[in-house]
Amino acid sequence: MKRGQLYAFVTGIFFLTLSILGFIPQLQHPVNAVEIHNGLGIKLGYLFGLFPTTPVLNTVYAIVGILGLVSSIGLGGARFYGRGLFQFFAVLGFLGTLEPTNTFFGFMPLFGSNTVLYGLMSIVSFYFGFIDPPGLLEIAAQPPENAIGLDNSITE
């Protein structure tokens, strides 16, 4: 398993776990608090008292986690996942810094520590999606295990 595949796998496990934990009300402090953001009353909880969360955001995390697990199967899929995750979290992080869109129109809380999480995930995803060498040169330099050796010299 290459580093990009390992990144996709670990990221998938992380977000799937974050999604499952977000649906457990005992881990949210306060539970179902109603906050006013941009004139909208939003019913949300804070996972571990740190990450604002809603069922819609937990569902998005579950989708990101499942896609990470599926894309970790192949190296090309893992790099594509890293590139997509970079773009997705860069947009969410940017929207979280703007006052009118920091709640994604009342559906997902993108503010606070979520913005920091999205920024860090975007930076790491940029590395694994665009910069990390896939290791294909090492693979191409080794002959296949079942290859037949060819002798180019003509002997008579």
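Residues numbered from 1 in each chain as written. Predicted model: local features only at pLDDT ≥ 70, side-chain atom pairs only at ≥ 80, totals over all residues. Heavy atoms only, no water.

1. Overview of the environment of isoleucine 63
Residue placement: isoleucine 63 occurs in helix α2 (residues 55-71). Assessed through its relative accessible area of 48%, isoleucine 63 is described here as partly exposed. With 48 residues separating them in the primary sequence, isoleucine 63 and phenylalanine 15 have C-alpha atoms 8.5 Å apart. (Helix = DSSP H or I, 4+ residues; strand = E, 2+ residues; numbered from the N terminus. Buried < 20%, exposed > 50% of the residue type's maximum accessible area, 1.4 Å probe, protein only.)

2. Some words on empty space enclosed by the protein
Tallying each qualifying case throughout the model produces one cavity of 30 Å³ or more. Taken as a whole, the largest cavity encloses approximately 40 Å³ of empty space. Taken together, Leu18, Leu47, Phe51, Pro52, Thr53, Leu57, Asn58, Tyr61, Asn114 and Leu117 make up the full set of residues lining the largest cavity. Contributing elements (two or more residues each) for the lining of the largest cavity: β3 (51-53), α2 and α4 (113-131). When the residues that make up the lining of the largest cavity are grouped by side-chain class, the tally is seven nonpolar, three polar and no charged. (1 Å grid on protein atoms, 1.4 Å probe; cavity = no way out; pocket = protein on both sides within 12 Å on 5 of 7 lines; lining within 4 Å. Points joined across faces, edges and corners; volume = space filled by probe spheres on them. Nonpolar A, V, L, I, M, F, W, Y, C, P; charged D, E, K, R; others polar.)

3. What to know about the layout of surface pockets
Roughly 160 Å³ of internal volume is contained in the largest pocket. Only α2 and α3 (75-97) provide two or more residues apiece to the lining of the largest pocket. A per-class count over the lining of the largest pocket returns seven nonpolar, three polar and no charged.

4. Remarks on unusual backbone geometry
The backbone phi angle of phenylalanine 48 is positive, close to 60°, even though this residue is not glycine. With respect to the secondary-structure elements, phenylalanine 48 resides in the loop between β2 (40-47) and β3. Its identity as a non-glycine residue notwithstanding, phenylalanine 104 has a phi of 50°, on the positive side. You can see phenylalanine 104 is positioned in the loop between α3 and α4. The exposure class of phenylalanine 104 is partly exposed, given its relative accessible area of 29%.

5. Section: α4
Taking 1.5 Å per residue as the helical rise, α4 with its 19 residues ought to reach 27 Å, and the 26 Å between its terminal C-alpha atoms agrees with that figure. Of all the residues in α4, the buried ones are Ser113, Asn114, Thr115, Leu117, Tyr118, Met121, Ser122, Ser125, Phe128 and Gly129. Residues of α4 that are buried make contact with α1 (3-22), β3, α2 and α3. (Expected span 1.5 Å × (residues − 1). Contact = heavy atoms within 4.5 Å.)

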